[in-house]
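Examining the three-dimensional arrangement
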Amino acid sequence: MSRIHQLSPRLANQIAAGEVVERPASVVKELLENSIDAGGRRIEIDIEGGGAKLIRVRDDGSGIEVDDLPLSLSRHATSKILDLDDLEQVATLGFRGEALASISSVSRLALTSNITDQPGNGWQATCEGREMSVTVTPSPHPRGTTVEVRDLFFNTPARRKFLRAEKTEFGHIEETVKRLALSRFDVGFQLRHNGRAVHGLRPCDSDLERQRRIAAMCGPAFLEQAVVIESRAGELRLWGWVAQPTFSRSQADMQHFFVNGRAIRDRLVSHAVRQAFQDVLYHGRHPAFVLYLELDPANVDVNVHPTKHEVRFRDGRMVHDFLFRSLHRALAEVRPGAPAASVVAEPDSAVVGSPAVQAPLGLGVAAGGGWGGGTVPWSGGAGSAEPTPAAVRDQLSSYGALYGNLGSPLPSQSGAGLSPAEPAGAAGNEVPPLGFAVAQLHGIYILAENSAGLVLVDMHAAHERIVYERMKASWEGEGIRSQPLLVPRSLAVSQREADCAEQQAELFPSLGFRIERAGPESLVIREIPALLRDADVEQLVRDVLADLLADGASARVQERINELLGTMACHGSVRANRRLTLPEMNALLRDMEATERSGQCNHGRPTWVQLALADLDKLFLRGR
Ligand code: ADP
Ligand code: MG
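Below is a short write-up of the structure. Please read these numbers as outputs of a predicted model, since none were measured by experiment.

Scanning the protein from terminus to terminus reveals 21 helices and 22 strands. Here the protein holds 624 residues, and 49% of them are scored as buried. Sequence separation of at least 24 residues holds for 72% of the intrachain contacts in the protein that already meet a minimum separation of 6. Surface exposure of the protein reaches about 29,100 Å², of which carbon and sulfur atoms provide 52%.

Rendered as structure tokens:
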């Protein structure tokens, strides 16, 4: 071992950069936070080569005094806190005084700023060498600051190696910009990549403009399906948008949570949200939300992580309960027939009826609202209300149609005799393993009698497994049969999603879809899998896109086919609260017998249980 020596400033900064500057998007995050902290209202972001070549952030904020320029580039120098008291109630996004020093140690950075309205008063600072000595020269600039970061990681080859494709890196940058744009509606953002405008978001002054921004960042469908939250308890306030469970995602990729304007990922928060969605969200689905929690800064510690993605609440339990109760109530109030876009407030809250509550809500939410999304024909019979005869007929015919549809185009293991119309047990005297249906219980379970005793079948779980297995068989065989839509359906998506759909030109046809691009942010669905003509195909396409975007490389798509088929099966199978006729129930039982793995649903739960006569006898203390 050699003797101890002081690290050079550059090396020390490079080490610190290891924590803060993971990839181009982290640089963008730090620079945008600085611009926001400086009171910038219009921020321009120029990116070249996914950020590896150039990141330039320009704001119209307060600017930096020329004498402070060298300090702003050195470590542990900040204008945002002075002493420990300040640290305990930080109101700014930054406070560690590390970002510019770290970034400039691993790139070629130029900082240009002007605190006056005379453009001629601008100054530029750059730094060089092991000592990171700063040079300041006059440089015209309007009021505000520009930070230009070129050749990120040029001097740290190990880091540079970890950079992904330009597109991927830019995708992360876009996410970062989105998150900050969601955190500050009053700030305008312009994002360009390689000279092409990607986002142009003006500062929002009205609720309509805020909604527009939400739609631009999360897609119009999110906004349409969103419930507005506004809840207060004591000093805690929660507001924002939560998508109804029908808009759930296959990935946790649309979850934005802000604490006092800072985007965070927090386990306590995720847990509270998950719990609130627990009984309304289908297993394995992820809720979508944009939520803002506001509380006294003194009650939350933001200094627990270098990138400040995590926070620590002083009273975690209270925050958890508040989040859970607010969301749970908001979701409970979304009912068929209930006005959507419900505004939720704690009963003791002073906020009820205040403009803040009524304001955000000219939303088109009411129109789209209600559970079931309207495209699924059997959503009509949901709930405890007695289904009307027409609704029952609809449900039956859709089940029949689904069945017929399943039967023919696929290499059916279950043979031909399964049409719902066929009388059960016509084949012979032998009682089949699952027996014959005798009744349906609460629209959920089928009761059947077999030679051992009583069989209980979870109708949805069983049907889902059957559909899944058939889709797999069909996939392995001839590919999924598709069916053109009479009226092609257009789908508003983000540009990234649209690009992705275009790039996956081969995948969608192999899943039975024909999807074309109709504009920068819209797709049109022309053909769908024949199997799924009654399912919510829009949701399905969104999920497939989210999967693809989250997984990046299309090599993984192949591995995910079964998972996708599982999702499709889930959408395509019979829901609870569907009345079935005895022949339909028997058809389902026969299909279960003929289907592999039909003992469990796709989520691993059992699809049926046997209650033997002996078990029943025990219940009644018979034969003792
Ligand atoms: P921190 O944000 O934690 O204070 P940084 O290294 O990000 O640390 O920035 C150092 C200082 O430089 C800030 O405290 C601020 O005073 C100044 N600064 C950085 N960016 C800007 C900007 N865009 N406008 C005005 N001042 C800035
Ligand atoms: Mg900063």
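Right, picking up where we left off after that structure.
Turning to the environment of L268, a few remarks are in order. Among the structural elements, L268 can be located in helix α10 (residues 267-277). A relative accessible area of 24% places L268 in the partly exposed class. Apart from the residues within four sequence positions on either side, L268 is in contact with F313, G316, V319 and H320.

The end-to-end C-alpha separation of helix α20 (residues 582-594) is 18 Å, in line with the 18 Å expected for 13 residues at 1.5 Å each. Along α20, the positions that sit buried rather than exposed are E584, M585, N586, A587, L588, L589, R590, D591 and M592.

Below, the discussion takes up the packing of aromatic side chains. For the structure shown, the criterion picks out six aromatic pairs. Consider the rings of W239 and Y292, whose centres lie 4.1 Å apart with planes at 15°: the pair is stacked. Residue W239 is located in strand β10 (residues 236-243), and its partner Y292 is located in strand β13 (residues 289-294); the two are separated by 53 residues in the primary sequence. A relative accessible area of 4% means that Y292 is categorised as buried. An aromatic cluster is built from F185, W239, W241, F258 and Y292, whose rings are joined through pairwise contacts. Taking NZ or CZ as reference, R108 lies 3.9 Å from the ring centre of F154, over its face.

Positionally, D46 belongs in strand β1 (residues 42-48). A distance of 2.8 Å separates polar atoms of two side chains, one belonging to D46 and the other to R192. Ignoring any residue separated from it by four or fewer positions in sequence, one finds D46 in contact with L54, I55, R56 and R192.

A few words now on the sheet that holds strand β20 (residues 514-519). Strand order across the open sheet formed by three strands is β19-β21-β20, with antiparallel pairing between neighbours. The sheet is open, and its two borders are formed by β19 (482-492) and β20, each paired with just one other strand. On average, each strand axis in the sheet is inclined to that of its neighbour by 20°, with strand direction left out of account. In terms of strand pairing, β20 meets strand β21 (residues 522-529) through five bridges, oriented antiparallel. Its bridge partner being in β21, E516 is matched across the sheet by V524. Against the sheet, helix α16 (residues 495-503) touches β20 and β21, its axis set at about 135° to β20.

So, about the sheet that holds strand β11 (residues 255-259). Read across the sheet, five strands follow the order β9-β10-β13-β11-β12 without closing on themselves; strand pairing throughout is mixed. Either end of the sheet is taken by a strand with one partner, and the two such strands are β9 (226-233) and β12 (262-263). In terms of strand pairing, β11 meets β12 through two bridges, oriented antiparallel. By the bridge assignment for β12, V259 is matched with R262.

What follows covers the site of ligand 1. The environment of ligand 1 is made up of 19 residues, and the closest members are N34, T78, S79, K80 and G97. In this structure, N34 approaches ligand 1 through a side-chain N or O atom, which is 2.8 Å from an oxygen atom. Interatomic distance of 2.5 Å between a side-chain N/O atom of T78 and an oxygen atom of ligand 1. Relative to its unbound accessible surface of 530 Å², ligand 1 loses 93% to contact with the protein. Going through the elements one at a time, α2 (24-37) and α5 (99-105) are the ones with two or more residues in the shell around ligand 1. Residue composition of the shell around ligand 1, grouped by class: six nonpolar, nine polar and four charged.

Okay, the pairing of strand β7 (residues 188-193) next. As defined by bridge partners, β1 adjoins β7 across six bridges and the pair is classed as parallel. Counterpart to I47 in the pairing with β7 is H193. Relative to strand β8 (residues 196-201), β7 runs antiparallel, the two sharing five bridges. Its bridge partner being in β8, H193 is matched across the sheet by R196. Remark: two residues form the turn of the hairpin made by β7 and β8, two consecutive strands paired antiparallel; N194 in that turn has positive phi of roughly 50°.

Before going further, it helps to spend a moment on a nonpolar patch on the surface. Taken together, the side chains of L7, L11 and I15 present a nonpolar region at the surface, about 250 Å² in accessible area. Position of L11 among the secondary structure elements: in helix α1 (residues 9-20). Its relative accessible area of 37% is what places L11 among the partly exposed residues.

What follows covers the pattern of salt bridges. In total, this model carries 32 salt bridges according to the counting rule given. When the shortest N-O distance is used, the salt bridge between E148 and R56 registers 2.9 Å. Taken together, the residues span a long stretch of sequence, with E148 in strand β6 (residues 144-150) and R56 in strand β2 (residues 54-59) at a distance of 92 residues. By relative accessible area, which is 23% here, R56 ends up partly exposed.

Even without glycine at this site, H76 takes up a positive phi of about 55°. Along the chain, H76 falls in the loop between α3 (69-72) and α4 (84-87). You can call H76 exposed: its relative accessible area is 59%.

Looking now at the packing of α2 against helix α7 (residues 166-183). Where α2 meets α7, the axes come as close as 8 Å, and the angle between the chain directions of the two elements is 25°. By the angle between their axes, α2 is roughly parallel relative to α7. Note that α2 runs across α7; the crossing there is right-handed. Seen from α2, the contacting residues are P24, A25, V28, K29, L32, E33 and I36; seen from α7, they are E169, H172, I173, T176, V177 and L180. Looking at side-chain class alone, the contact of α2 with α7 contains eight nonpolar, two polar and three charged residues.

Turning to its location among the elements, V493 is positioned in the loop between β19 and α16. The buried category is assigned to V493, whose relative accessible area is 3%. Taking the C-alpha atoms as reference points, V493 and G519, 26 residues apart in sequence, are found 9.9 Å from one another. For V493, the residues in contact, after removing those within four places along its chain, are A498, E521, S522, L523, R542 and L545.

The rules behind the values
- Counting restarts for each chain: residues are numbered from 1 in the order of the written sequence.
- Whichever chain is written first becomes A and whichever ligand is written first becomes 1, with later ones labelled in order.
- In view of the model being predicted, local features appear only for residues whose pLDDT reaches at least 70, and side-chain atom pairs are presented and counted only at 80 or more, with totals across whole chains, interfaces and linings using the full set of residues.
- Side-chain descriptors were evaluated using all non-hydrogen atoms of the structure, hydrogens and water having been removed beforehand.
- A run of H or I in DSSP becomes a helix once it reaches four residues, and a run of E becomes a strand once it reaches two; helices and strands are each numbered from the N terminus.
- Relative accessibility decides the category of a residue: with a 1.4 Å probe and only protein chains considered, values under 20% of the type maximum give buried, values over 50% give exposed, and everything between is partly exposed.
- Contacts are assigned to residue pairs that have any heavy atoms within 4.5 Å of one another.
- Throughout, the Shrake-Rupley method with a 1.4 Å probe supplies accessible areas, and for residues the shown protein chains are the sole cover considered.
- To estimate the expected span of a helix, count its residues, drop one, and scale the result by 1.5 Å.
- Each Phe, Tyr or Trp ring, with Trp reduced to its six-membered ring, pairs with another whose centre is within 6.5 Å; inter-plane angles below 30 degrees give stacked pairs, above 60 give edge-to-face pairs, and intermediate values give tilted ones.
- A ring is scored as having a charge over it whenever the NZ atom of a lysine or the CZ atom of an arginine sits within 6 Å of its centre and within 35 degrees of its normal.
- The definition of a polar contact used here is a pair of N or O atoms within 3.5 Å, where within protein one atom must be able to donate a hydrogen and the other to accept one, and adjacent residues in sequence count solely through side-chain atom pairs.
- Strands qualify as paired when DSSP identifies two bridges or more between them.
- Axis definition: a line fitted to C-alpha atoms, over the contacting stretch in the case of helices. Angles run 0 to 180 degrees between N-to-C directions.
- A cutoff of 4 Å decides nearness: a residue is near a molecule or strand if any of its heavy atoms lies inside that distance of it.
- Only Asp, Glu, Lys and Arg are considered charged, only Ala, Val, Leu, Ile, Met, Phe, Trp, Tyr, Cys and Pro nonpolar, and every remaining residue, Gly among them, polar.
- Every patch collects residues that have over 30% relative accessible area and no salt bridge, joining them within 9 Å if they carry like charges and within 5 Å if they are nonpolar side chains (Val, Leu, Ile, Met, Phe, Trp, Tyr).
- Counted as salt bridges are all cases of a side-chain nitrogen of Lys or Arg within 4 Å of a carboxyl oxygen of Asp or Glu.
- Roughly parallel covers angles under 35 degrees, roughly antiparallel covers those over 145, roughly perpendicular covers 65 to 115, and oblique covers all other angles.
- Crossing handedness: left-handed means the near helix sits turned counterclockwise from the far one by under a right angle, and right-handed means the same turn made clockwise.

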